[in-house]
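Examination of the molecular architecture
The chain contents come next:
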Amino acid sequence: MLKRIAELDSGAVLITGNGRRLARVYLNAWTRRGMRVLAEYLPFQVEGDVYIGSPFDGKDFDAYLIVNPLSRPKEEREALYEWLSKNRDKLVLLYEGKYIKDSITRYRIKDFIDYLIAYKRETVGFEQVDVMRLENGRIVESKTYIRRY
């Protein structure tokens, strides 16, 4: 399912739990395919060309990076939800620092995302990545990946 996300042409992907490496992999894959990416700012380095700016200004790009969408004030979240509903044909990567997995059902953003990737680094020597595909705010497919280090 992780490879399927890298090959997307449109849709919204929410990465939670400070999964910088995953977000960087996806942005690099999309820029290698020739997509023009606009980011609010970059919390990590990306190999391809990424433009910095606000996605809400009406600029037309192939993919967008929006950082910490759930940690914003209510007015900004509402503006983001409206923007996401109007831009369903674009590829949007939403990167959230805090960990959210099962509690996604309490957030309204569940209605606007297609995939949720919940990254969790455990203290006992492994990382866990839960990938869920959502349709109309409901989880329809789920897969867990575990990596020991």
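Refer to the structure printed above.
Reading the values: the criteria
- Residue positions are given per chain, counted from 1 along the sequence in the order it is written.
- Two thresholds apply to this predicted model, a pLDDT of at least 70 for residue-level local features and 80 or more for giving and counting side-chain atom pairs, whereas whole-chain, interface and lining totals are computed over all residues.
- In computing side-chain properties, one takes all heavy atoms of the structure into account and sets aside hydrogens as well as water.
- Runs of H or I in DSSP of at least four residues are treated as helices and runs of E of at least two as strands, each being numbered from the N terminus.
- Contact definition: two residues touch when any of their heavy atoms are within 4.5 Å.
- Positive charge is attributed to Lys and Arg, negative charge to Asp and Glu, and no charge count is given to His or to the chain ends.
- A charged residue contributes its charge at one atom only: NZ of Lys, CZ of Arg, CG of Asp or CD of Glu.
- Patch membership is restricted to residues that have no salt bridge and whose relative accessible area is over 30%. Joining uses 9 Å for like charges and 5 Å for the nonpolar side chains Val, Leu, Ile, Met, Phe, Trp and Tyr.
- In this description, accessible areas are obtained by the Shrake-Rupley approach with a 1.4 Å probe, and a residue is regarded as covered only by the protein chains that are shown.
- Put simply, a salt bridge is a Lys or Arg side-chain nitrogen that is within 4 Å of an Asp or Glu carboxyl oxygen.
- Think of it in three bands: residues with accessible area under 20% of the maximum for their type are buried, residues over 50% are exposed, and the middle band is partly exposed, with areas taken using a 1.4 Å probe on protein chains only.
- Here a polar contact means two N or O atoms within 3.5 Å. Within protein one must be a hydrogen donor candidate and the other an acceptor candidate, and residues neighboring in sequence count only if both atoms are side-chain atoms.
- Multiplying one less than the number of residues by 1.5 Å gives the expected span of a helix.

**Topic: the overall build of the chain**
For the chain, the helix and strand inventory stands at 3 helices and 8 strands. Ordered by position from the N terminus, the helices and strands of the chain form the series α-β-α-β-β-β-α-β-β-β-β. Projected onto its principal axes, the C-alpha coordinates of the chain cover approximately 45 × 35 × 25 Å. Long-range contacts, defined as pairs at least 24 residues apart, comprise 57% of the intrachain contacts of the chain with a sequence gap of at least 6. If the 27 positive side-chain charges of the chain are averaged to one point and the 22 negative ones to another, these points end up 5 Å apart.

**Brief notes about a nonpolar patch on the surface**
Where nonpolar side chains cluster on the molecular surface, the patch consists of Tyr41, Leu42 and Ile52 and spans about 280 Å² of accessible area. Positionally, Leu42 belongs in the loop between strand 2 (37-39) and strand 3 (50-52).

**With respect to the side chain of Gln128**
Looking at the element boundaries, Gln128 is found in strand 7 (residues 126-135). On the basis of relative accessibility, which here comes to 19%, the residue Gln128 falls in the buried class. Within polar-contact distance, the side chain of Gln128 engages the side chain of Asp130 at 3.1 Å. When near neighbours in sequence (up to four residues on either side) are disregarded, Gln128 contacts Lys101, Ala118, Tyr119, Lys120, Glu122, Thr144, Tyr145 and Ile146.

**A closer look at the pattern of salt bridges**
A full pass over the atoms with the stated rule returns 16 salt bridges. Of the charged contacts, one joins Arg108 and Glu78 as a salt bridge, the two residues approaching to 2.5 Å between their closest N and O atoms. Of this pair, Arg108 sits in the loop between strand 5 (91-95) and strand 6 (115-121) while Glu78 is found in helix 3 (residues 74-86), placing the two residues 30 residues apart along the sequence. Residue classification places Arg108 among the partly exposed residues on the basis of a relative accessible area of 39%.

**A closer look at helix 3**
In an α-helix, one turn spans 3.6 residues, which is why side chains three or four residues apart end up on the same side. The end-to-end C-alpha separation of helix 3 is 19 Å, in line with the 18 Å expected for 13 residues at 1.5 Å each. Against the buried residues of helix 3 lie strand 4 (63-67) and strand 5.

**Regarding helix 2 (residues 20-32)**
Here helix 2 is 13 residues long and its end C-alpha atoms lie 18 Å apart, about the 18 Å a rise of 1.5 Å per residue gives. Within helix 2, the full set of buried residues consists of Leu22, Ala23, Tyr26, Leu27, Asn28, Ala29, Trp30 and Thr31. Two residues or fewer after helix 2 comes Gly34, characterised by a positive phi angle close to 95°.

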